[in-house]
Amino acid sequence: MRRGAVLVAAAMVAVFGLPAAAMAEDNYYKTCEYDYASCQTGVAAGLVEGQCMTASLSYGSTSVCVDYDGDYVYVRDGRADGYAAIGYVGSANGVSDRFCRNNHGYGTWVRCNFDWVEAGSHSASGGYLEQYYIMDLSYLWSWSGK
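Here is what the cut-offs are and how they apply
Residues numbered from 1 in each chain as written. Predicted model: local features only at pLDDT ≥ 70, side-chain atom pairs only at ≥ 80, totals over all residues. Heavy atoms only, no water. Helix = DSSP H or I, 4+ residues; strand = E, 2+ residues; numbered from the N terminus. Buried < 20%, exposed > 50% of the residue type's maximum accessible area, 1.4 Å probe, protein only. Polar contact = N/O pair within 3.5 Å; in protein donor to acceptor, adjacent residues only side chain to side chain. Contact = heavy atoms within 4.5 Å. Disulfide = S-S within 2.5 Å.

S.K.: Mind showing me how you'd approach the side chain of T62 here?
M.R.: By the element assignment, T62 lies in the loop between β3 (51–54) and β4 (63–67). A relative accessible area of 1% means that T62 is categorised as buried. A polar side-chain atom of T62 sits 3.3 Å from the main-chain carbonyl oxygen of Y59. Leaving out residues up to four positions away in the same chain, T62 has contacts with M53, T54, A55, V75, R76, G78, A85, I86, G126 and G127.

If you want it as structure tokens, here you go:
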């Protein structure tokens, strides 16, 4: 009887206690665990659109583009350093922190599809993810009402 209860408990942990594969993939930074953050791993992108800026070499030469019409964030990994490039959008309204990860390697572009509230101020930053607790980002620009 005990053995059956242990097996049922183990099965429940296996089914209910583990995050889905997609969720685990986007849980790459400590802040991703919270409701005020949205973390995505970008999909490969060819055509890049929107306003773009590039962070300095100290921040991985990461390029970030924001397409205001579609709420897309594009991120290019600008340095062959083994770290994932990160694009960040901060918002005054709604979800405050959005992270777009490019883990495809040096020279590649990815796209993340976010949905933010256009009203209020926003900011874009770029950099890289060193590890789960360490992300280095450089402020790039701000906008409002787009």
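S.K.: Just to check I follow, could you spell out the state of the cysteines for this structure?
M.R.: Here a disulfide denotes one covalent bond, and it connects the sulfur atoms of two cysteines. All chains considered together, the criterion is met by three disulfides. A disulfide bridge connects C32 with C39, and the sulfur atoms are separated by 2.1 Å. The chirality of the disulfide connecting C32 with C39 is left-handed, given an S-S dihedral of about -95 degrees. Assigned by exposure class, C32 and C39 land together as buried. Between the sulfur atoms of C52 and its disulfide mate C65 the distance is 2.0 Å. Because the torsion about its S-S bond is 110 degrees, the bridge between C52 and C65 counts as right-handed. In this pair, C52 sits in strand β3 while C65 sits in strand β4, placing the two residues 13 residues apart along the sequence. Looking at C52, the relative accessible area reads 41%, which means it is partly exposed. Within the chain, bonded cysteines paired by disulfides and numbered along the sequence follow the pattern 1-2, 3-4, 5-6.

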